[in-house]
Amino acid sequence: MPAESERTDSAEPLVPEEGAAHARDSEAGETASATKGTGRPEGNHRGRETVRSVVAIDGEDPTPFLGVQDRHLKRLEAAFPTVKLVARAGRLSLEGPGSDVNRVLEVVSSMLSRLKLGEGLAESELEILLEEADRSLSPPEDYQDQTVLLTTNKRRIYARTVGQYQYLQSIEENDIVFSIGPAGTGKTYLAVAMAVKALSEREVQRIALARPAVEAGESLGFLPGDLREKVDPYLRPLYDALYDMIPADRLRRYLDTHTIEVVPLAFMRGRTMNNAFVILDEAQNSTTAQMKMFLTRLGVNSKAIVTGDVTQVDLPSEVPSGLVQIQNILMGIDRIAFIYLTDRDVVRHRLVREIIRAYEEKGF
């Protein structure tokens, strides 16, 4: 019979013991899970067979786990619609296809581990756990061939990691996508490639690329030249990506006719971007007001991609990053997605991944 009738002091998910037989429930057609007192989910539920598991979430106040007004629980239900979740008397019951139940158990186990350490659990942190759970889903074997965005005389541009594959899928399915991750994960490059692809296929009429004009931890002093010459150094990475993807003569024509614009973020104020693909790069250096300003520029038949690395904020310490704050403001809104890339998605020199990990281990 199902494990709800049994009591456990463990805060770990309860899953079938290795080798335990599953009893078939003839009326409900479901498989009852045996219990296991300790350990993380075993991941042994097979295929689409219906199983039940129970997780102990004992505590004086279940709110940290369930979320205010059960927001965490509702988010889990939305992320895993095939799994029925019931929270009652300090326990969480799960019922659904075995493979999906195992994925939920992994997320729930991570949630409980964070709470045990006294770290709390913000909605943005739950989204990260859900993104990591999605990574366990194997993409199509030929996903690299399926995600070819552009083929130029220099290279073929496609998703090179599972995280990048999910990033591109999210851009296809949503109107606004926030891509957050370390350097070298292709956040900006793939966003620009998607924009160029949309322009070439006439899905949009123009592209706007914006960046905050913020100095990266050093004062450059007075820069000579006109306004464009002053701001171009901040925008150079965007130009580099464009020159990689579009022949120089055509790109100059696009720039001259404003079909493609590369501008400082401040220049977006007061505009409405219709039939456009809009990208905000280095968004961790935008303020809260700037982020709101940028997102409210979006017009009809338009798509916005916001990229940034929240570990490399160059704003003054007393100024909060708009990219950090936006995760708790817009999380959970339909057609808005947050994608979290990690060091596993780094496609630069192999040492870049090791450098990122070393900094993280030292808390920088």
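No experiment lies behind these values; they were computed from the predicted model shown.

Rules behind the numbers
Residues numbered from 1 in each chain as written. Predicted model: local features only at pLDDT ≥ 70, side-chain atom pairs only at ≥ 80, totals over all residues. Heavy atoms only, no water. pLDDT = per-residue confidence, 0-100. Helix = DSSP H or I, 4+ residues; strand = E, 2+ residues; numbered from the N terminus. Contact = heavy atoms within 4.5 Å. Expected span 1.5 Å × (residues − 1). Buried < 20%, exposed > 50% of the residue type's maximum accessible area, 1.4 Å probe, protein only. Phe/Tyr/Trp six-rings, centres within 6.5 Å; stacked < 30°, edge-to-face > 60°. Lys NZ or Arg CZ within 6 Å of the ring centre and 35° of its normal. Pairing = 2+ DSSP bridges. Axes fitted to C-alpha atoms, helices over the stretch in contact; angles between N-to-C directions.

A.B. asks: Explain the confidence of the model for the protein chain to me, please; I cannot follow it from the model alone.
C.D. replies: Detailed reading of predicted coordinates is not advised where the pLDDT is low. The pLDDT averaged across the protein chain works out to 78; a share of 77% of its residues lies at or above 70. Mean pLDDT across the secondary structure elements of the protein chain bottoms out at strand S2 (residues 23-24), with 34, and peaks at strand S12 (residues 276-280), with 97. A low-confidence stretch, residues 1-47 (pLDDT under 50), is modelled with 107 contacts involving residues beyond four sequence positions or located in other chains. Contacts of residues 216-221 to residues separated by more than four positions or lying in other chains number five contacts, the stretch itself having pLDDT below 50.

A.B. asks: Can you walk me through helix H7 (residues 187-200) in this structure?
C.D. replies: Within an α-helix, residues lying three or four positions from one another point in the same direction, as the helix has 3.6 residues per turn. When the terminal C-alpha atoms of H7 are compared, their 20 Å separation across 14 residues agrees well with the 20 Å that a helix rising 1.5 Å per residue should span. Counting buried residues along H7, 12 of its 14 residues qualify, which places the element largely inside the surrounding structure. Immediately downstream of H7, the backbone of Arg-202 shows phi near 60°, a positive value.

A.B. asks: For this particular structure, what's the right way to read the packing of aromatic side chains?
C.D. replies: This model, assessed by the stated rule, comprises one aromatic pair. Ring geometry for Phe-178 versus Phe-338: centroids 4.7 Å apart, planes at 10°, classification stacked. One end of the pair, Phe-178, is in strand S9 (residues 176-180); the other, Phe-338, is in strand S14 (residues 336-340), and 160 residues separate them in sequence. Residue Phe-178 is classed as buried on the basis of its relative accessible area of 0%. Directly above the ring of Tyr-158 sits Arg-156, whose terminal nitrogen or CZ lies 4.6 Å from the centroid.

A.B. asks: Help me understand the sheet that holds strand S11 (residues 260-264) in this model?
C.D. replies: Pairing between the strands of a sheet comes from backbone hydrogen bonds, and it takes one of two forms, parallel or antiparallel. Across the sheet, six strands lie side by side as S11-S10-S12-S13-S9-S14; this open sheet has parallel pairing. In this open sheet, the two strands that pair with only one neighbour each are S11 and S14. Shown here is a sheet whose adjacent strand axes are inclined to one another by a mean of 15°, direction ignored. Bridge count for S9 against S14 is five bridges, and the pairing is parallel. By the bridge assignment, Ile-180 is partnered in S14 with Tyr-340.

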